[in-house]
Amino acid sequence: MKLNLLTVVVPLSVLVIVVLSEKNSRPDNVRIGAIFSFGTINGRVAKIAMKAAIEDVNSDPRILGGRKLVLFTHDSNYSGFLGIIGGLQFLETDTVAIIGPQASGMAHILSNLANELHVPMLSFTALDPSLSSLQFPYFLQTAPNDLYQMTAIADMVSYFGYKEVVAIYTDDEQSRGTITALGDKLAERRCKISYKAILSPEAFATCEEIMNQLVKVSLMESRVIVVHAFAVVGLKVFELAQRLKMDNGYVWIATAWLSTVLDSSPVSGDSAKSIQGVLTLRPHTADSTRKKAFESRWKKLSNGSIGLNPYGLYAYDTVLMIANAVREFLERGGIISFTNDPILSSLGQGVLNISALSKFDAGKQILANILATNMTGLTGQIAFHPDKSMIRPSFDILNVIGEGYKQIGYWCNYSGLSTVPPEILYNKAPNRSSANQQLHGVMWPGRTTVKPRGWVFPHNGRPLRIGIPDRVSYKAFISEDEKTNEIHGYCVDVFLAALKLLPYVVPHEFILFGDKHKNPSYSELVNLITTGVFDAAVGDIAIVTNRTKIVDFTQPYIESGLVVVAPLRKLSSSAWAFLRPFTAPMWVVTGAFFIMVGVVVWILEHKINDDFRGPPKKQLITILWFGFSTMFFAHRENTVSSLGRMVLIIWLFVVLIITSSYTASLTSILTVQQLAPSIRGIESLITSNDRIGFQVGSFAEDYLKEEINIAKSRLVPLGSPEEYADALKNGSVSAIVDERPYMELFLSNHCKFQVVGQEFTKSGHLKETPL
């Protein structure tokens, strides 16, 4: 009897152990956590959307095979400290993933813990570009991070033709990284942040502090202002700016926080008035049947307490990403388990109970599954690039009008600004050319459709510093009067005439650049604009390809190109000058034709015409006389035969042409001093080994060396027209290569030289003023 009892108990015990083991390895509930400040707009929207996603996942047994996805939330209540505490609590309680935190400051700290404990963290609001780095492998941004939003703003600034912006932002970790990214993207477009107005973080920013910063901003030159802050601070900025009358002439660009406010909570009264004409961005989510169905559900889900914004859609999709990653892991036989970290266990329990933190054994595989996501969610196509960033980042561009907004276009990383939805552009080849960038019309602050200039002369600013080349030659273009120290010349006259056409005064000062011993390097002058030494330069500065890459130029006002000037040898006059119109072969051929015509007419006439008869000697003299006398139309013999007359008519027409050409050429030789150059153009210079002169400071030297491959040893720098003339006369150079305007001035005083050949720069060069 004892034996039988034993045989029953042992198998039953084994069965119980197996069942319990299976139950422990395949838990009924899968825990995920969420850390948000649920009093904020995004916190409230995210909470509703995540609960809806949890319900949808749990209602479909195909996703987790009957298991339940359980969401635990923690309200950080605007406190970074409380957010970190919430993260630690989740890491103690076998959580497979954490959604959040909401702010980047908390994300930087909790990401280090996630790295150690292998718990994936997914956030659609902590979008600091630095969080996407390899330093935080377990932190994923499930919405386009702020790098792309700043790229969109930089493209907008460039599209509207502005060069400087003022950034107003709160002094927190996320805003600092975002504004740094904005500065980088503006620099790529040759724009910049001219001033940064830094505000205290949301909890500490006061109206007095904001007002003080806005007063400083109003004194700045730039009127293009980018506001990056949380909603509470951002709306305060606009309300106080309205009091300071900072509307007409200003361009206000708000980051996505403003579109979140407009979508989720009604704006009225002073707040609505203060944001009229503001441009803002909103993460773009493609239209779909699922999205429309969720939007229809939203009023019921939220009880009408708050409107849906794109971050609610991202919250929903983030839950689905986690659920699908867990499902794929379990379908492959994975086991959700946690083990104590020996390093943390060695610290003991203590007051903080650090030893309770456990490592998620499947965290690495769950992370890999999330990164391999390729599905269509409420926001559209969901997938990640190898650098963990979301694919196809895009934004809607909105213009605030009344109590709502008008969409004026889109931005996507694929093709930049467009009035066509990104989904259509993805089916075409990418095109980021400036001609392809388009937006609809904007209603600017002050209710005007006229684009603001974007800048004014600041009250506390300085005059424009205009660089002037201090030339020692060709001073007719630009120079300084040694007695009065005034700058004058053709280039300055053009500049001052242009200033008179402006509807406002432009304070400026001319600053000479050069050592007064030789012409300055124009390339160095242009480079000093890029380094901020000068704000602009005025002078006879040629458009050269490498210069156009670093500065902008005005419309050209002098046509220019490189030409060759060479000395000419004078042809001596003599008594035989009358032979010069024709060459020796031409004279021989002409004489032979005269004789041949006389013979032909004699053959046709001597049988029937007495004038061509007689002794042989007489007939020979008649042939020669008749032929050569036609040169002067002095022949006395009459022609009788029809053929003879036809030959004579044709020949007399030829004689008329020959005599006319001869007379014109001889007249030119006898009345005009004829000069002949020894150099025929740039081609003859290239094939020879002759030395070539060029003007000091001109781009001609680099052009000859780099474009035409003339050896540097053949090039001779010359500093003035006098040096040009001396070098050409004494033979130290065979020719001068310089720009046409300089050569025209040179030749007006030196008549023994001339331009030979054609201009030979590839695309021509023009004189203008760089800015």
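Read on for an overview of the structure. The model shown is predicted, which means the values in this text are computed figures rather than measured ones.

So, the sheet that holds strand 4 (residues 121-123)
Each strand in a sheet pairs with another by means of backbone hydrogen bonds, the pair being arranged parallel or else antiparallel. Within the open sheet, the five strands sit side by side as 2-1-3-4-5. Their pairing is parallel. In this open sheet, the two strands that pair with only one neighbour each are strand 2 (68-75) and strand 5 (139-141). Pairwise comparison of adjacent strand axes, ignoring direction, gives a mean angle of 25 degrees for this sheet. Note: strand 1 (residues 29-36) against strand 2, eight bridges, orientation parallel. The residue of strand 2 that forms the bridge with Arg31 is Val70. Where helix 5 (residues 104-117) meets the sheet, it contacts strand 1, strand 4 and strand 5, and its direction lies at approximately 155 degrees from that of strand 4.

Topic: the environment of Arg190
Looking at where Arg190 falls in the secondary structure, it is placed in the loop between helix 7 (173-188) and strand 7 (192-199). As a C-alpha pair, Arg190 and Ile550 span 360 residues in sequence and 8.1 Å in three-dimensional space. Residues contacting Arg190, with those up to four places away along its chain left out, are Lys163, Thr548, Lys549, Ile550, Val551 and Asp552. A distance of 3.5 Å separates a polar atom in the side chain of Arg190 from the backbone oxygen of Thr548.

Let's talk about helix 2 (residues 41-58)
When the terminal C-alpha atoms of helix 2 are compared, their 26 Å separation across 18 residues agrees well with the 26 Å that a helix rising 1.5 Å per residue should span. The buried fraction of helix 2 amounts to 13 of the 18 residues, a majority that puts the element mostly inside the structure.

Considering helix 5
Look at helix 5: 19 Å from first C-alpha to last across 14 residues, which is about the 20 Å you get at 1.5 Å a residue. Burial in helix 5 covers these residues: Ser104, Met106, Ala107, His108, Leu110, Ser111, Ala114, Asn115 and Leu117. Positive backbone phi, approximately 60 degrees, marks His118, located one or two places after helix 5.

Notes on unusual backbone geometry
The linkage connecting Gly100 with the following residue, Pro101, adopts the cis geometry, with an omega of 0 degrees. Although it is not a glycine, Arg190 adopts a positive phi angle of roughly 60 degrees. Looking at Arg190, the relative accessible area reads 35%, which means it is partly exposed. Here Asn709, not a glycine, exhibits a phi torsion of approximately 60 degrees, which is positive. For Asn709, the location among the structural elements is in the loop between helix 24 (700-707) and strand 28 (715-718). What makes Asn709 exposed here is its relative accessible area of 64%.

So, how was this worked out
- Residues numbered from 1 in each chain as written.
- Predicted model: local features only at pLDDT ≥ 70, side-chain atom pairs only at ≥ 80, totals over all residues.
- Heavy atoms only, no water.
- Pairing = 2+ DSSP bridges.
- Helix = DSSP H or I, 4+ residues; strand = E, 2+ residues; numbered from the N terminus.
- Axes fitted to C-alpha atoms, helices over the stretch in contact; angles between N-to-C directions.
- Contact = heavy atoms within 4.5 Å.
- Polar contact = N/O pair within 3.5 Å; in protein donor to acceptor, adjacent residues only side chain to side chain.
- Expected span 1.5 Å × (residues − 1).
- Buried < 20%, exposed > 50% of the residue type's maximum accessible area, 1.4 Å probe, protein only.

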